[in-house]
Amino acid sequence: MAWSDKSHPHRLLLTKQFPLGLEMLLVFQPVMQAANRIWNSCVWHSRETFKQEDRWPTEAELKAKFKSFAAWKELHSQSAQAVVEEYFEAVSSYRKHRENGHHEMNPPGFKPKNHLRTVTWKRQGFDVEDNTLVLKLSRKKEPIKVALPEGWNVVTLPDGTGVRGIPVEVKVKAVVRRRKVENLVLHVTFDLGVMPVYRTGAVSAYDYNSATFARAASNGQLDLFVCRELLSLVQYRNKILAEFQEKISRCKEGSRRWKRLQAAKVHRLRRLDRRIRQMEHALTKLFAQLDEAEGVAFAVVGDLTSLRRSARTGMKGKKASQKINQMAYERLQSEQRYKNLMRGIETDPWTEKYTSTTCCTCGAYNPGWRKHRGLWVCGRCGLVLQADLNGAANLLKQYLFGTCTGRGLPSAFGEPRVWRWDGRHNRFVQVSSRAA
Ligand SMILES: [Zn+2]
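In the nomenclature of an unreviewed UniProt entry, the chain is known as Transposase of Ammonifex thiophilus.

What follows is the structure in structure tokens.
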């Protein structure tokens, strides 16, 4: 997995995985269980504070309180702090889900005593000696040394060049299947530096929708990506999740039935998530490949922050928030961003205002011309176009000229290409445009 930092959009960060083998379990187990004890302390202390004082403790409060705990002294101080930070992240995502109408969600809870919690080492928590990572523990303890293969810190870009990365974060995770630890995996995140991006070239714009994604490029190319399989998988996943949460909320936490349901939920979701992520990766990879092939310098995507905001203030209903939350637009966008960055393409979020209610050809504004079945039928110039393609073309216009309304297209678009998921080969393939 890779991504680029939001605050440094041209910095490419990439994570590589190194399986360690079960023989390393003896070395890492005490550390991972110590991290688990810190997590459980977070849960316990938060609940107590809430019961007695009717408020949730702050992050700083918990960190200060646990400093004297034995478990805290097992780990490097940054690793121990990271557990508290993860707990707070889990709490805030729980709150966000509640706000969005998912009342079946439970707050982060206790983990079993022997649970192997992921441990994180930040920049100051480890050293690099050639091909060995030295993972520091608390000051009094010997660090853990992990030997890595030659070339462990080299990442190959799509054009074949190798880039040496600087490790910035290390995590150790347990791979558990059917309650048995199968392996330990080291996740090392590398900073690959600032990627050079093209300064001149074509521009492409993307319209993210639930069942279709549309692309319009300044060279006149239109593309429609039919993603019904992806959408129905995501909807199915959300339905399964809601059903499990509903059942789980009715049993006593920690009971045998509760545990069984939790395990079943994880098992079901893991398989579905794998399929969903596979499709998402194939889609964003295709975006980046098309842009690269057509010499695109800037890929424009809808600005999601404004979409979210209007969803929060305008449409408060449960239906609306579900609609927003169905697809992981943010995840898709960050995937597209880093895949572009690896190819020297800059991704630029831009406002989608009026893009779905304006004609891309003549610039006439009329919300009523977006007809049912996703067609745009212009009452002025007579354009008939798939509505999402019209949206993408308007986003392109908005990016190039500052606005999409009241002005025509500088050049005409060609016949759109249509892409569809091929389940047999697990990739998107081009189909005849009638299929859409
Ligand atoms: Zn028109």
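Here the narrative resumes.
S.K.: In this structure, what is going on with the sheet that holds strand β18 (residues 384-386)? I would like to understand it.
M.R.: Strands sit in the order β16-β17-β18 across an open sheet of three strands; the sheet is antiparallel. Across the chains shown, the open sheet's two edge strands, defined by having one partner strand only, are β16 (370-371) and β18. Strand direction decides the pairing type here: β16 and strand β17 (residues 375-377), joined by two bridges, are antiparallel. Bridging across to β17, Arg370 finds its partner in Trp376. Along the sheet, helix α10 (residues 387-401) makes contact with β16, β17 and β18, crossing β18 at roughly 90°.

S.K.: Sorry, what's going on with the sheet that holds strand β5 (residues 132-135) here?
M.R.: Think of a sheet as strands paired side by side through backbone hydrogen bonds, with each pair either parallel or antiparallel. On the basis of which strands lie adjacent, the open sheet formed by three strands has the order β4-β5-β6 and antiparallel pairing. Of all the strands in the sheet, the pair left with one neighbour each is β4 (126-129) and β6 (144-147). Averaged over all adjacent pairs, the angle separating strand axes in this sheet is 20°, with direction ignored. In this structure, β4 lies alongside β5, joined through four bridges in antiparallel fashion. In the sheet register, Phe126 faces β5, and the bridge partner there is Leu135.

S.K.: What am I meant to see in the packing of helix α1 (residues 25-53) against helix α4 (residues 77-99) here?
M.R.: One way to put it is that α1 packs onto α4 with a least axis distance of 9 Å and a crossing angle of 45°. Classified by the interaxial angle, the pair formed by α1 and α4 is oblique. You can see that α1 and α4 cross each other, and the crossing is right-handed. Within the contact between the two elements, α1 uses Ala35, Ile38, Trp39, Cys42, Val43 and Ser46 and α4 uses Ala80, Val83, Val84, Glu86, Tyr87 and Ala90. A per-class count over the contact of α1 with α4 returns 10 nonpolar, one polar and one charged.

S.K.: Please explain the UniProt feature "coiled-coil region" (unreviewed entry) in the chain as it appears in this structure.
M.R.: Per the UniProt record, "coiled-coil region" (unreviewed entry) is annotated on residues 269-296. For residues 269-296, the end-to-end C-alpha separation is 37 Å, with 89% helix and 4% strand making up the annotated structure.

S.K.: How should I be thinking about unusual backbone geometry in this particular structure?
M.R.: With the exception of glycine, the majority of residues adopt a negative phi angle, and the majority of peptide bonds are in the trans configuration. Its identity as a non-glycine residue notwithstanding, Asp130 has a phi of 50°, on the positive side. Among the structural elements, Asp130 can be located in the loop between β4 and β5. Judged by relative accessible area, Asp130 falls into the exposed class, the value being 72%. Backbone geometry at Tyr354 places phi at a positive 65°, although glycine is not the residue there. The residue Tyr354 is located in the loop between β15 (346-350) and β16 in this model.

S.K.: Is there a simple way to explain the coordination of the zinc ion in this structure?
M.R.: Tetrahedral coordination by four donors puts the ideal angle at the metal at 109.5 degrees, and octahedral coordination by six puts it at 90 or 180 degrees. Summarising the metal site, the zinc ion is bound by the protein donors Cys359 (SG), Cys362 (SG), Cys378 (SG) and Cys381 (SG), whose distances to it range over 2.3 Å. One can describe the site at the zinc ion as tetrahedral: its four donor atoms subtend angles covering 107 to 113° at the metal. Along the chain, the residues donating to the zinc ion fall in the pattern C-x2-C-x15-C-x2-C. A residue is classified by how much of its surface remains accessible, and Cys362, at 15% relative accessible area, is buried.

S.K.: For this particular structure, what's the right way to read the domain arrangement of the chain?
M.R.: Accessible area lost upon the coming together of the parts serves often as the stated size of an interface. Entries for the chain in the domain assignment read domain 1 (2-194) and domain 2 (203-231 + 276-435). Relative to domain 2, the C-alpha centre of domain 1 lies at a distance of 36 Å.

S.K.: Looking at this structure, I do not really get the pattern of salt bridges. What am I missing?
M.R.: Pairs can form between side chains of opposite charge whenever their charged atoms are close. Inspection of the entire model under this criterion finds 25 salt bridges. Note that Lys63 is salt-bridged to Glu59, the shortest N-O span being 3.4 Å. Pair noted here: Lys63 and Glu59 are both in helix α2 (residues 59-66), with a separation of four residues, about one helical turn. Among the residues examined, Lys63 registers a relative accessible area of 17% and is labelled buried. Residue classification places Glu59 among the partly exposed positions, given a relative accessible area of 29%. Across the pair Asp388 and Arg370 runs a salt bridge whose closest N-O atoms are separated by 3.1 Å. Remark: Arg370 occurs in strand β16 and Asp388 occurs in helix α10; sequence separation between them is 18 residues. Look at Asp388 and you get buried, because its relative accessible area is 7%.

Definitions and limits used
- Residues numbered from 1 in each chain as written.
- Predicted model: local features only at pLDDT ≥ 70, side-chain atom pairs only at ≥ 80, totals over all residues.
- Heavy atoms only, no water.
- Pairing = 2+ DSSP bridges.
- Helix = DSSP H or I, 4+ residues; strand = E, 2+ residues; numbered from the N terminus.
- Contact = heavy atoms within 4.5 Å.
- Axes fitted to C-alpha atoms, helices over the stretch in contact; angles between N-to-C directions.
- Parallel < 35°, antiparallel > 145°, perpendicular 65-115°, else oblique.
- Left-handed = near helix turned anticlockwise from the far one by under 90°.
- Nonpolar A, V, L, I, M, F, W, Y, C, P; charged D, E, K, R; others polar.
- UniProt positions renumbered as here; feature names shortened; annotations may be inferred.
- Buried < 20%, exposed > 50% of the residue type's maximum accessible area, 1.4 Å probe, protein only.
- Donors = N, O, S within 2.8 Å, 3.2 Å for Na, K, Ca; no water.
- Tetrahedral: all angles 85-135°; square planar, octahedral: opposite > 155°, others 65-115°.
- Domains from an automatic or database assignment.
- Salt bridge = Lys/Arg side-chain N within 4 Å of Asp/Glu carboxyl O.

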